[in-house]
Amino acid sequence: MKKRLQAIGRDEEIAAIQEAAGRARAGRTQVVFVEGCAGTGKSTLVGSALRACEEWNELSVVLDDEHCGMPGYLIRHILLSFGLSCSADASADDLVELAQQGLAEVEEPTAIMVSRLDKVDDLSAQVLLRLCSSLQQAPILMVFVAQVNTRVPVRRLSDYVRTNLDGTHVAVEPYGTAETKQLLSTYLRTPLSEELVQQVHEETAGYPLLIAALGRHLAATPLGRRSLSEALRAMRSGPDWLRMRSAVEEILKDVDALTARLLQVLAAARTPLTRHQLDAAVQTSVDVSALLETGLARWDDTVLGYAPRNAVVAQLLLDHCSAEDLAEVHRTLTAVAPAEAMAYRVQLLRTQEEQEALEPVMLRLREAGGEALSRGDLKSAFDSYYACAQLRPDQVALADMIDVALPLGRLERLVEFEPALRSLPSSLLRQGALAALALGQGDLTGALEALETHEGADHTEIGALVYAQAVAETGMHLALHHAHWKLRTPGQRAVQMLTAWEQDLCQRRCDAAAEPLRARICGVRAFIRLWESFSRRDPEGLKQSVTEMENLLKELEEIPGTEVYTAGLRAMRATRLMQLGQRDEIYPDLLELVDFPVPHHFLLYMQTQLALLLFSAGYWEEAENLASRAAGRALLSRESSASLISYAVVALTRGFQGRWDEVAPLIDELGRVKMSYGPLVASIYDWVCACRVGGLGDHEEALRHLLRMRDEQGGWWSIGPEPMLLLARSAYYAKARTLGAQVLRSVLAGDTPLSPELSHTVAVNYLAGFAAWSDGDTRGAWRHLVATMRWFVERPPFRSAQPHYEGGAFRLLMAILALDMAELFIQRPQDIYAQREEARQNLEWAITVFRSCGAQALLERACCVVAAFEDHPGVSAPTRGDGVHTLDPASLEPETDSAPTSAGDDLLRELTKREKQVALRIAEGETNREIAEAMKLSVRTVDYHVSNLLAKLNLDSRREVRQLLRAHAGQ
């Protein structure tokens, strides 16, 4: 048998088919009937199930439309495969007799597979039914694959298999959300949020064929430019959708006119319909059994009504309707479902332009939109204005719709109005709308060009608010690219219009009805000023921007209806405070905004910053979930810089958990596109890479990434203190002593985004501690690191469940510092011997942190340090009783006194016993792997000991160790 694909999420169905194959192998004929709608993956399922039967003989037949009208075609084809033939006018009895003769001679396991059995001719179906009931003792497995069908011969075969002991009926349904996620993940390297998976499942109804088509389109689109809405449009115009449509049309061929009309009514209905409504729709009593037998309709128990099988079937049925049929269906629904009459009337008017009927409907929609705006319901307002623009996309309708689409983040919906937008005369509305359209398509350059084209600044012109909002939205994207200066002229024009507009409203003393407009004017103006502030990169400007944001917040909080804009300001203020290192008070503020209902990009960016905060605090599972959620929400419309940052956070969390190989393809994709999305994305990419190579011990490469952040991208300003502190560690381990001193001088000179407290207490002490360590000043290094540790310990919990002594939002940095201090003690115990208990206790706590968040590499390194404590009398290592129960037993084995001795013992006096053993084996020419095998240690543990002994002996390489020990031995 030929090689087959592997199905996903079909374990029960595969097991049922394989059990039937097992019985057939034993000599008892089995019949399997696999039935399901088009696109459910029936053939893939059968292929996966019969993978273990590849050595069997196989006869495969694929039927199509022409075979349905050729009596006996299938049976004749089977007979020919056994070397038998029959006359053209052979009866059913003749065909049965010949087929029994051929099949009875089968001795080897044989699979007879018939695909598209729903296309079988009536004569062949009759013969198959008789064969299935007569053949019993033969190693034959008959597998019939069919789409859901109402033809009587096919139904008889299906019913026989259901009721026969030697039959196995497999109903293949579309996927659930879990299987949808599993299949989609085979195409995408990026994380998949539950919200994204749910949306994909709803849009594809769980059909594997459509999920795969969607996945292929997303996978072929460069990272950062992917859009689910765009992928859905491509899916619905692609060959797989056409295949599904053909399958529905085939079912409709065998359906009577009354049932076909009922299916159209159900497809167009916004909610399930009752039996009474169906009767009213066709003005006769309905036979619902005929409706359900088509497989295109279902009974909905939740609302006690009839509905299409799913959203995909509904759309396919509507695709099959003519414009006249669709108009008649909507006219019918207007009468039988009065609760939704307005929506059906809108759809009816879209197909039949009746000017007299159009005006009152558009007026009602505008009124509904205005009422929704007055109560702050942007989504309902957009739905009303969107329907109005669909009816007649004139300037007023387009302006109303885009006014709401911009703050709501629904720019992808503007694509269908592109011809109408481009046909507008040059105006604030046209240029603002084209900018919004470009942003919805991920074209930041196009948005900027559209805004710069128009030079007018009349706030009374239709579309002035659209233009101003487009400026604010474009400014946000440019700010994330650190390029807000490109929007200076349009920004000034927009602020000028908004200020004049607000003054007019104040002079006229407008009533409460004008408050929503005033709120939007003030909010947009605040946003434009926000991005001007947010784009600052110099340290003082960074700190000043927080003050400016707080002033803007005070202004907006006094104006009702500015919740969207207030949320944006709060989000940006919190991210700035986090970058400054002032993280104690921002967690509740950020957490409150996570579920804000508007999926705007600035809120998605905020979520990535909260994910980074959780990462720094050592709550990695929450960090990954939040970053995945943010990325998924962005992909629902279109990816952006915020999406790429969220992918980087996911790579960080998984990588630190020892899964760098898993996220390597994602990191590579980020590397290919990073420069197209500004310094924020480029800097966090380098941050991820620095963590990755640093964890693998390549501190020189880590330094290169960290310096690129500092020198080329200003990335320290966008991430916070972590890169700066990691640079100090990497400089020490890479033996780049002068570099750490240079960074320290830079911080002392004020070249840092950190708050003064964090800069002088943490950054300076941390950097000075590693500088002293590099210079051999153990006591000085310990003093500086203790000062840093004390500041961490004094941080208040950033969430209620966190203990007071765990460093607050700096929990992970505090644990790494505890590991550093323990390593400092192990390297120079004679200098700071009185601190051994403090070092040990801090290390114990750090191990619990590393274990809780799954930091595998850090945990292994901490285990090595624990083992080294055994070499110093009076220093006890953490035991299993202390709760440290995940340590590497090999790392904790007591060291014996059997280390080889040589003339180098005096020279090695400062080394631990284990380090002496490793040094002497290096002198003998052994590699780290050979040393690990001989001493029954992990290679990582040996790497750690080599690093320590090189530092203690003030050497740079293994070669120097060999030369030193051999020279000393010769003396």
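Here is what the cut-offs are and how they apply
Residues numbered from 1 in each chain as written. Predicted model: local features only at pLDDT ≥ 70, side-chain atom pairs only at ≥ 80, totals over all residues. Heavy atoms only, no water. Helix = DSSP H or I, 4+ residues; strand = E, 2+ residues; numbered from the N terminus. Buried < 20%, exposed > 50% of the residue type's maximum accessible area, 1.4 Å probe, protein only. Contact = heavy atoms within 4.5 Å. Areas by Shrake-Rupley, 256 points an atom, 1.4 Å probe, with all protein chains shown as cover. Lys, Arg positive; Asp, Glu negative; His and termini not counted. Charge placed at Lys NZ, Arg CZ, Asp CG, Glu CD. Salt bridge = Lys/Arg side-chain N within 4 Å of Asp/Glu carboxyl O. Polar contact = N/O pair within 3.5 Å; in protein donor to acceptor, adjacent residues only side chain to side chain. Phe/Tyr/Trp six-rings, centres within 6.5 Å; stacked < 30°, edge-to-face > 60°. Lys NZ or Arg CZ within 6 Å of the ring centre and 35° of its normal. Expected span 1.5 Å × (residues − 1). Pairing = 2+ DSSP bridges. Axes fitted to C-alpha atoms, helices over the stretch in contact; angles between N-to-C directions. Parallel < 35°, antiparallel > 145°, perpendicular 65-115°, else oblique. Left-handed = near helix turned anticlockwise from the far one by under 90°. Nonpolar A, V, L, I, M, F, W, Y, C, P; charged D, E, K, R; others polar.

The name an unreviewed UniProt entry assigns to the chain is LuxR family transcriptional regulator, from the organism Nesterenkonia flava.

Here we take up the overall build of the chain. Looking only at helices and strands, one finds 48 helices and 7 strands in the chain. When the backbone C-alpha atoms are referred to their principal axes, the chain occupies close to 110 × 95 × 45 Å. Counting across all 971 residues of the chain, residues that qualify as buried make up 59%. The contacts of the chain with a sequence gap of at least 6 include a subset with a gap of at least 24, amounting to 71%. Surface summary for the chain: the accessible area is close to 39400 Å², and the carbon and sulfur share equals 49%. Placing the 101 positive and 130 negative side-chain charges of the chain at their respective mean positions leaves the two points 4 Å apart.

Another aspect to go through is the pattern of salt bridges. Taken as a whole, this structure holds 49 salt bridges when the rule is applied. Here Asp403 makes a salt bridge to Arg520, at a shortest N to O gap of 3.3 Å. Of the two residues, Asp403 sits in helix H20 (residues 395–408) while Arg520 sits in helix H26 (residues 515–534), which places them 117 residues apart along the sequence. A relative accessible area of 13% means that Arg520 is categorised as buried. Sharing partners across several salt bridges, the network here consists of Asp65, Arg116, Asp118, Lys119 and Glu250.

Right, let's get into unusual backbone geometry. Of note, Arg116 is a non-glycine position whose phi angle comes to about 60°, a positive value. Along the chain, Arg116 turns up in the loop between strand E3 (110–115) and helix H5 (122–134). Unlike most non-glycine residues, Ala205 shows phi in positive territory, near 60°. Mapped onto the elements of the fold, Ala205 is located in the loop between helix H8 (194–204) and helix H9 (208–220). Here Ala205 falls in the buried class, since its relative accessible area comes to 12%.

We now examine the side chain of Arg226. Mapped onto the secondary structure, Arg226 falls in the loop between H9 and helix H10 (228–236). Overall, Arg226 belongs to the buried group, its relative accessible area being 4%. Of note is the side chain of Arg226, whose polar atom sits 2.6 Å from the side chain of Glu639. If near-sequence neighbours (up to four positions away) are discounted, Arg226 is found in contact with Leu188, Thr190, Leu218, Thr221, Leu635, Arg638, Glu639 and Tyr647.

In the structure shown here, the tally under the stated rule is 18 aromatic pairs. Aromatic pair Tyr766 and Phe770: ring centres 5.1 Å apart, planes at 50°, arrangement tilted. Residue Tyr766 and its partner Phe770 are both found in helix H39 (residues 756–774); the two are separated by 4 residues, about one turn of the helix. Geometrically, the ring pair formed by Trp791 and Phe792 is edge-to-face, given 5.8 Å between the ring centres and 65° between the ring planes. We classify Phe792 as buried; its relative accessible area is 1%. A connected cluster of aromatic rings, assembled from ring pairs, spans Tyr732, Tyr733, Tyr766, Phe770 and Trp773. One residue, Arg413, lies across the ring of Tyr386, its end atom 4.2 Å from the ring centre. Positioned above the aromatic ring of Tyr619 is the side chain of Arg811, whose terminal nitrogen or guanidinium carbon lies 4.7 Å from the ring centre.

Right, let's talk about the environment of Ala648 for a bit. Secondary-structure assignment places Ala648 in helix H32 (residues 641–656). Using a relative accessible area of 1% as the deciding quantity, one classes Ala648 as buried. Each C-alpha atom, one on Ala648 and one on Pro803, is 29 Å from the other, the two residues being 155 residues apart in sequence. When residues no more than four places from it in sequence are discounted, the contact partners of Ala648 are Leu670, Ile684 and Val688.

One turn of an α-helix holds 3.6 residues; hence residues three or four places apart share an orientation. The end-to-end C-alpha distance of helix H30 (residues 601–616) is 23 Å, a good match for the 22 Å that 16 residues give at a rise of 1.5 Å each. Across the 16 residues that make up H30, a large majority, 16, are buried. Immediately beyond the C-terminal end of H30, within one or two residues, lies Gly618, with a positive phi of roughly 85°.

The next subject is the sheet that holds strand E1 (residues 30–36). A sheet is described by the order of its strands in space; here 5 strands give the open sequence E2-E3-E4-E1-E5, paired in parallel fashion. Edge positions in the open sheet fall to strand E2 (57–62) and strand E5 (167–172), since each of these has one partner strand only. Each strand of the sheet is rotated relative to its neighbour by a mean of 15°, with strand direction disregarded. In the sheet, E3 pairs with strand E4 (residues 140–147) via 6 bridges, with the strands oriented parallel. From the neighbouring strand, Ala111 faces E4, where its bridge partner is Leu141. Contacting E2 and E3, helix H3 (residues 73–81) runs over the sheet at an angle of about 155° to E2.

Axis separation between helix H12 (residues 257–268) and helix H15 (residues 311–320) bottoms out at 9 Å; the angle between their running directions is 120°. Comparing the axis directions of H12 and H15 gives the class oblique. Handedness of the H12/H15 crossing: left-handed. When H12 is examined against H15, the residues Leu263, Gln264, Ala267 and Ala268 are found in contact with a partner set consisting of Ala314, Leu317 and Leu318. Along the lines of polarity and charge, the residues of the contact of H12 with H15 split into 6 nonpolar, 1 polar and no charged.

Where burial is concerned, most of helix H45 (residues 913–923) is hidden: 8 out of the 11 residues are buried. Within H45 the residues assigned to the buried category are Arg914, Glu915, Gln917, Val918, Ala919, Leu920, Ile922 and Ala923. Gly925 sits one or two positions beyond H45 and adopts a positive phi of about 90°.

It is at 8 Å that the axes of helix H31 (residues 620–637) and H32 come closest, and there the two elements cross at 155°. The orientation of H31 with respect to H32, classified from their angle, is roughly antiparallel. Two packed elements cross with a definite hand, and for H31 against H32 that hand is left-handed. Here Trp620, Ala623, Glu624, Ala627, Ser628, Ala630, Ala631 and Ala634 of H31 lie close against H32, whose contacting residues are Ser643, Ser646, Tyr647, Val649, Val650, Thr653, Arg654 and Phe656. Looking at the contact of H31 with H32 residue by residue, the class counts come to 10 nonpolar, 4 polar and 2 charged.

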